[in-house]
Amino acid sequence: MPILWRMLIAQLSDTHVDLSRPAKAEALQQAVAHLNQLPLRPDAVIVSGDCAEHGMPEEYALFRQLLTPLPMPVYVIPGNHDQRAELSRAFGPQGTRALDVFIQYVVEYAPLRLIALDTHVPGESGGLLCEQRLSRLQDRLSEASQTPTLIFMHHPPLVTGVQPIDRIGLQGAGAFAEIVRQHPQVRRVVAGHIHMSTVQHFAGTVLMTCSATESASLPDLGQPAKMLVQPQPASCLLHHWTPADELLTYTSVIGQYPLVMQHDGVQWV
Ligand SMILES: [Fe+2]
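Residues numbered from 1 in each chain as written. Predicted model: local features only at pLDDT ≥ 70, side-chain atom pairs only at ≥ 80, totals over all residues. Heavy atoms only, no water.

**Digging into the coordination of the iron ion**
Ideal donor angles around a metal are set by the shape: a four-donor tetrahedron calls for 109.5 degrees, a six-donor octahedron for 90 or 180 degrees. The test is simple: Metal sites are built from N, O and S donor atoms within 2.8 Å, or 3.2 Å for Na, K and Ca, and they leave out water, so they may look incomplete. Elements are defined by DSSP. Helices are runs of H or I of four residues or more, strands are runs of E of two residues or more, and each kind is numbered from the N terminus. Only protein chains enter the accessibility calculation, which uses a 1.4 Å probe; a residue whose area is less than 20% of its type maximum is buried, one above 50% is exposed, and one in between is partly exposed.
Protein coordination of the iron ion is provided by D50 (OD), N80 (OD1), H154 (NE2) and H193 (ND1), with donor distances spanning 2.1 to 2.2 Å. In terms of primary sequence, the donors binding the iron ion are separated according to D-x29-N-x73-H-x38-H. Here H193 lies in the loop between β9 (186-191) and β10 (198-202) and N80 lies in the loop between β3 (74-76) and α3 (84-91), a separation of 113 residues in the sequence. The exposure class assigned to N80 is buried, which follows from its relative accessible area of 12%.

**Details of the packing of helix α1 (residues 22-36) against helix α2 (residues 57-67)**
Rule in force here: Axis definition: a line fitted to C-alpha atoms, over the contacting stretch in the case of helices. Angles run 0 to 180 degrees between N-to-C directions. An angle counts as roughly parallel when it lies under 35 degrees, as roughly antiparallel when it exceeds 145, as roughly perpendicular when it falls between 65 and 115, and as oblique in every other case. Left-handed describes a crossing in which the near helix is turned anticlockwise from the far one by less than a right angle; the clockwise case is right-handed. Contact between two residues is taken to exist if any of their heavy atoms lie within 4.5 Å; hydrogens are not considered.
Here α1 crosses α2 at 25°, and the two axes come no closer than 9 Å. Between α1 and α2, the angle falls in the class roughly parallel. Crossing hand, α1 versus α2: right-handed. Of the residues in α2, those touching α1 at A25, L28, Q29 and V32 are L62, F63, L66 and L67.

**As for the nonpolar core**
We apply this condition: Throughout this description, the term nonpolar core refers to a set of buried Ala, Val, Leu, Ile, Met, Phe, Trp, Tyr and Cys residues connected via side-chain atoms within 4.5 Å.
Ranked by size, the top nonpolar core spans 50 residues in total, and within it L35, V45, F63 and F152 carry the most contacts. If near-sequence neighbours (up to four positions away) are discounted, F63 is found in contact with T15, V17, L28, V47, C51, V76 and F91.

**Details of the environment of S235**
By the element assignment, S235 lies in strand β14 (residues 235-242). We classify S235 as buried; its relative accessible area is 4%. Counting along the chain gives 18 residues from S235 to V253, while the straight-line C-alpha distance between them is 4.2 Å. Discounting residues that sit within four places of it in the chain, S235 has contacts with S197, C210, S211, A212, T251, S252, V253 and I254.

**Looking at the packing of aromatic side chains**
Using the following cut-off: Two rings from Phe, Tyr or Trp (for Trp, the six-membered ring) form a pair when their centres are within 6.5 Å of each other. A pair whose planes differ by under 30 degrees is stacked, one over 60 is edge-to-face, and the rest are tilted.
As enumerated under the stated definition, the model contains five aromatic pairs in all. Centroid distance Y75 to Y105: 6.3 Å. Interplanar angle 40°. Geometry classified as tilted. Placement of the pair is Y75 in strand β3 and Y105 in strand β4 (residues 105-109), with a sequence separation of 30 residues. When sorted by exposure, Y75 lands in the same class as Y105, which is buried. The structure contains a cluster of three or more aromatic residues connected by ring pairs, namely Y75, Y105, Y109 and F152.

**Looking at the packing of α2 against α3**
The line we're drawing: Residues are sorted three ways: Asp, Glu, Lys and Arg are charged, Ala, Val, Leu, Ile, Met, Phe, Trp, Tyr, Cys and Pro are nonpolar, and all the rest, Gly among them, are polar.
Viewed as axis vectors pointing N to C, α2 and α3 meet at an angle of 40°, and their least axial separation amounts to 10 Å. Between α2 and α3, the angle falls in the class oblique. The two elements α2 and α3 cross, and the hand of that crossing is right-handed. The residues of α3 that touch α2, namely those facing P57, Y60, F63, R64 and L67, are E86, L87, A90 and F91. By residue class, the composition of the contact of α2 with α3 is seven nonpolar, no polar and two charged.

This is how it looks when you write it as structure tokens:
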């Protein structure tokens, strides 16, 4: 693969495609249209889990169909709502260095490297990084210590303080943090699951969560025992890499917006 000196990775999350709730499919359709009308076309799209609501083959068929207008490669990982086997069947092998039964793999996108982590636990809402998944992550990070790396996963290794969210959090987050801390080439850890946009310092790097394509929300932080939320506009993350600026992530609210000139290269207009 040729070295590209600019890289734009778009991230969608928690699409929850559900045959009985057409709004989910419509939201994904809008997200896809949004990515296709960006002035700079993304080189790849990552979907950080909860692709389908029930993990049914028909849902994945619709999910894939809705992604079809995207001309660039799309990479997926499972969330708690997904069924690993069905998602694998729908997408086939992804990336390289895949880990056996898990949907955990590497995408070499010189000069960037993407590592997909699988936090899925069948039948559970919470996530887990077990010893096997963590040791393979350690191996993958050790073999390319100079390559700027973005790790994407479904369950974020964070505590929000909102108790219903934290009850379905990630087990193994401490051990994961220890591994990430040993590898300063990790420029971002990005996740989904909580349907909110957040940023936090994590293990010497930056942890971000991408909101959902539908049912994005902001919790009432004053009532942490409850899950009281204000609905928010759907958004995605745009991870832009250049040699000069390294990795800079933009949050983009999903919608159709005109391109407006505010500076012509010489002056503000
Ligand atoms: Fe989830």
